[in-house]
Amino acid sequence: MSECAKISVRGLRKSFGTKIVLDGVDLDIAPRTAMVVIGGSGSGKSVLLKCILGLIPPDDGQILIDGEDVLTAPTSRARALRDQIGMLFQNGALFDSESVWENVSFGLLARGLIQRSRARARAVEVLAQVGLGETVADLFPNELSGGMQKRVALARAIAAEPAIMLFDEPTTGLDPIMGAVIDGLIVDCVKRLGSTSIAITHDMASAGRIGDRIAMLFDGRIVWEGNAAEVRASGNPLVDQFINGRREGPIKMALRR
Amino acid sequence: MIRLLDPVAALGRVTLNLVSFLGELGLFTASAIVGLLRPPFYLRNFSRAFAEIGFFSLPVVAMTAIFTGMVLALQTYTGFSRFAAQSAIPSVVVLSLTRELGPVLAGLMVAGRVGSAMAAEIGTMRVTDQIDALSTLATDPIRYLVAPRLLAGVIALPLLVLVADILGVAGGFLVATSRFGFSAADYLHNTQQYLHTADVTSGLIKSAVFGFTIALMGCFFGYRSRGGAQGVGSATTSAVVAASILILALDYLLTQAFFTA
Ligand SMILES: Nc1ncnc2c1ncn2[C@@H]1O[C@H](COP(=O)(O)OP(=O)(O)OP(=O)(O)O)[C@@H](O)[C@H]1O
Ligand SMILES: [Mg+2]
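So, how was this worked out
- Residues numbered from 1 in each chain as written.
- Chains lettered and ligands numbered in written order.
- Predicted model: local features only at pLDDT ≥ 70, side-chain atom pairs only at ≥ 80, totals over all residues.
- Heavy atoms only, no water.
- Pairing = 2+ DSSP bridges.
- Helix = DSSP H or I, 4+ residues; strand = E, 2+ residues; numbered from the N terminus.
- Axes fitted to C-alpha atoms, helices over the stretch in contact; angles between N-to-C directions.
- Contact = heavy atoms within 4.5 Å.
- 1 Å grid on protein atoms, 1.4 Å probe; cavity = no way out; pocket = protein on both sides within 12 Å on 5 of 7 lines; lining within 4 Å.
- Points joined across faces, edges and corners; volume = space filled by probe spheres on them.
- Nonpolar A, V, L, I, M, F, W, Y, C, P; charged D, E, K, R; others polar.
- Donors = N, O, S within 2.8 Å, 3.2 Å for Na, K, Ca; no water.
- Buried < 20%, exposed > 50% of the residue type's maximum accessible area, 1.4 Å probe, protein only.
- Phe/Tyr/Trp six-rings, centres within 6.5 Å; stacked < 30°, edge-to-face > 60°.

A. How the structure looks around the sheet that holds strand E9 (residues 213–218) of chain A. Residue and element names in this part refer to chain A. Strand order in the open sheet formed by 6 strands is E6-E7-E8-E3-E9-E10, with mixed pairing between adjacent strands. Looking along the sheet, the strands with just one partner apiece sit at the ends: strand E6 (85–88) and strand E10 (221–227). With strand direction ignored, the average angle separating the axes of adjacent strands in the sheet is 15°. Here 4 bridges tie strand E3 (residues 34–38) to E9, and the two strands are oriented parallel to one another. Bridged to Val37 within E9 is Ala215. Seen against the sheet, helix H6 (residues 146–158) touches E6 and strand E7 (164–168) and runs at an angle of roughly 175° to E6. Sheet strands in contact with helix H9 (residues 237–244) are E3, E9 and E10, and its direction is about 100° off that of E9.

B. Spatial organisation of the layout of surface pockets. Approximately 1300 Å³ is the volume found for the largest pocket. Around the largest pocket sit 39 residues that line it, and Gly54 and Leu55 of chain A together with Ser135, Pro141 and Tyr223 of chain B are the ones nearest its centre. Secondary-structure elements contributing two or more residues to the lining of the largest pocket are helix H1 (45–53) and helix H2 (75–82) of chain A together with helix H1 (2–37), helix H4 (89–127), helix H5 (130–136), helix H6 (141–179) and helix H8 (197–223) of chain B. Across the lining of the largest pocket, the residue classes break down as 19 nonpolar, 8 polar and 12 charged.

C. Expanded view of the coordination of the magnesium ion (ligand 2). Residues and elements named next belong to chain A. For the magnesium ion (ligand 2), the full set of protein donor atoms is Ser46 (OG) and Gln90 (OE1), at a range of 1.9 to 2.2 Å. With Ser46 in helix H1 and Gln90 in the loop between E6 and helix H3 (100–104), this residue pair connects regions lying 44 residues apart in the sequence. Residue class for Ser46 comes out partly exposed when judged on its relative accessible area of 22%. With a relative accessible area of 36%, Gln90 lands in the partly exposed category.

D. Region of the structure containing the packing of aromatic side chains. All names here are of chain B. Across all of its chains, the model carries 15 aromatic pairs over all chains by this definition. Relative to Phe221, the ring of Phe21 has its centre 6.0 Å away and its plane inclined at 40°; by these criteria the two rings are tilted. Note that Phe21 is positioned in helix H1 and Phe221 in helix H8, a separation of 200 residues in sequence. Judged by relative accessible area, which is 22%, Phe21 ranks as partly exposed. Taking 5.8 Å as the distance between ring centres and 35° as the angle between the ring planes, the aromatic pair formed by Phe46 and Phe50 counts as tilted. Taken together, the residues Phe46 and Phe50, both in helix H2 (residues 43–55) and 4 residues apart, mark about one turn of the helix. Note on Phe46: relative accessible area 17%, which makes it buried. Among the residues examined, Phe50 registers a relative accessible area of 27% and is labelled partly exposed. Each residue in the set Phe21, Phe28, Phe220, Phe221 and Tyr223 is aromatic and connected to the rest through ring pairs, giving one cluster.

E. Representation of the sheet that holds strand E2 (residues 19–29) of chain A in the model. Residue and element names in this part refer to chain A. One open sheet holds the 4 strands; their spatial order is E2-E1-E4-E5, and the pairing between them is antiparallel. One side of each edge strand has no neighbouring strand; the edge strands of this open sheet are E2 and strand E5 (68–69). In terms of strand pairing, strand E4 (residues 60–65) meets E5 through 2 bridges, oriented antiparallel. Across the sheet, residue Leu64 finds its bridge partner in E5, namely Asp69. Together, strand E1 (7–16), E2 and E4 form the strand contacts of H1, whose direction differs from that of E1 by roughly 115°.

F. Just empty space enclosed by the protein, in detail. The tally for this structure, following the rule as stated, stands at 3 cavities of 30 Å³ or more. Within this model, the largest cavity holds a volume of roughly 80 Å³. Arg111, Arg156, Ala157 and Ala160 of chain A together with Leu137 of chain B are the residues nearest the centre of the largest cavity, which is lined by 14 residues in total. For the lining of the largest cavity, the secondary structure elements donating two or more residues are E6, helix H4 (106–110) and H6 of chain A. By residue number, the principal contributor to the lining of the largest cavity is E6 of chain A, which donates 3 residues. Considered class by class, the residues forming the lining of the largest cavity number 9 nonpolar, 3 polar and 2 charged. The computed volume of the second largest cavity comes to approximately 60 Å³. Around the second largest cavity sit Val61, Thr64, Ala65, Thr68, Leu97, Leu101, Gly102, Leu105, Ala106 and Ala164 of chain B, which together line it. Elements supplying a minimum of two residues to the lining of the second largest cavity: helix H3 (58–80) and H4 of chain B. Take the lining of the second largest cavity: its biggest share by element is 5 residues, from H4 of chain B.

The following block contains the structure:
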């Protein structure tokens with residue numbers, strides 16, 4: 001299984017000062033699989049994605065993409081491996097000095113995949129996939145609502161049709177219908193392009209729609225991992241408490257600390 | 001015993017912090033310069049930064065230069081008339097401006113105006129993950145954000161100072177001809193008489209260095225800012241303070257290098 005995994009995280013550790021955030025995370029994601037990572041606020045989900053992207057250097061552990069450790073590979077090789085990743089940041093992270101279409105086509109232009117003269121038309125096509133019309137293309141990010149910004153950010157993440165897609169809370173801040181649309185879009189991208197994806201979410205309905213598999217991050221480790229269909233019958237008290245949103249249970253201890 | 005060592009430990013900590021800060025700055029500068037030497041080049045970002053420094057700072061720098069030229073003429077007259085040397089006004093005005101006041105005052109004004117804006121913009125990009133987003137989109141943030149701004153600073157500030165030199169002389173001219181009875185021809189003749197090319201070029205070289213410094217400080221403090229709006233605010237302040245002090249210190253060093261060697 002792990003031999004052919006698209007992404008493998010092994011024994012990943014990261015602390016900020018004395019605060020241990022990741023304490024030996026192990027996670028394998030098979031090719032063409034949609035993994036959903038759930039976990040409480042502040043449990044280190046975003047940090048995990050940023051480690052995979054190389055934006056935060058981990059203290060210890062391995063991150064294998066296509067079987068190669070990106071942490072020890074030469075810089076140019078690591079960059080090539082990571083170049084197949086598209087990322088949706090939790091807060092969108094749109095470039096506010098660039099228009100919407102320039103944001104969406106940014107990665108395509110930077111990789112020289114299209115001509116600048118073709119870029120706007122291509123961006124409009126991708127925007128249509130996330131349910132945004134051409135009128136939005138010439139606006140600037142600060143002229144959009146939060147949900148629209150999220151969709152533009154999603155369009156930017158998928159524009160280059162990356163082999164690996166990381167989504168940090170793709171549906172947070174969207175109304176339920178648009179949330180379902182975005183979930184459908186993510187599923188579609190992953191299935192159509194054959195991409196491997198990791199999505200972070202707090203929303204169990206969304207997790208069920210997006211994920212083939214679900215992993216729960218708690219106390220710096222993956223405490224449960226299994227098929228999405230089995231999450232309700234996991235038998236793990238941490239998972240049960242989380243998905244049912246109960247105040248009483250083992251996770252409360254962690255909050256009090 | 002532990003108490004006794006406290007000051008030593010503190011000194012050690014400060015030294016270590018300083019060394020790591022300088023190391024960080026050195027690496028940052030080096031990668032920006034490498035970014036200028038090898039493609040891709042980001043022309044659009046360069047022209048934006050160039051317009052910001054060179055064009056939109058014109059009014060501020062022009063005002064500064066005119067008033068400085070005027071006050072120089074006034075001071076020189078009142079001071080030099082004590083030993084009947086008023087005819088030196090044009091030379092004093094043009095030499096002080098080209099060699100010293102043009103570059104330094106324009107540098108300080110631009111540091112306040114553009115250095116702070118650069119730190120705020122890049123700092124905001126940092127705390128909203130936009131810089132991280134750049135690197136996930138196959139773009140080196142230092143190459144994309146920093147290199148074009150440094151180049152713009154190096155080119156735009158000398159041009160701005162050239163304008164400041166001319167306007168400053170015009171300010172002096174205005175005061176001397178309207179208040180102290182200089183004839184226009186005399187004033188212009190005296191202005192040229194003792195002016196060497198080196199006076200102007202040394203000032204322009206100074207301003208290229210200052211332009212680099214302003215952009216570097218703005219980018220560097222913005223780039224390493226942490227912790228939301230407050231972090232961006234303090235990055236902005238640090239950028240302006242650091243750029244201003246460096247301008248004054250470098251001015252001394254460069255003057256020494258140019259004119260006493
Ligand atoms: N750059 C940083 N410096 C210091 N601490 C950090 C940094 N980034 C994250 N942390 C800390 O790491 C912990 C995990 O943060 P992270 O953003 O990964 O949480 P999360 O699981 O994504 O939460 P949420 O669901 O609220 O987004 C937090 O306690 C946070 O304070
Ligand atoms: Mg997060």
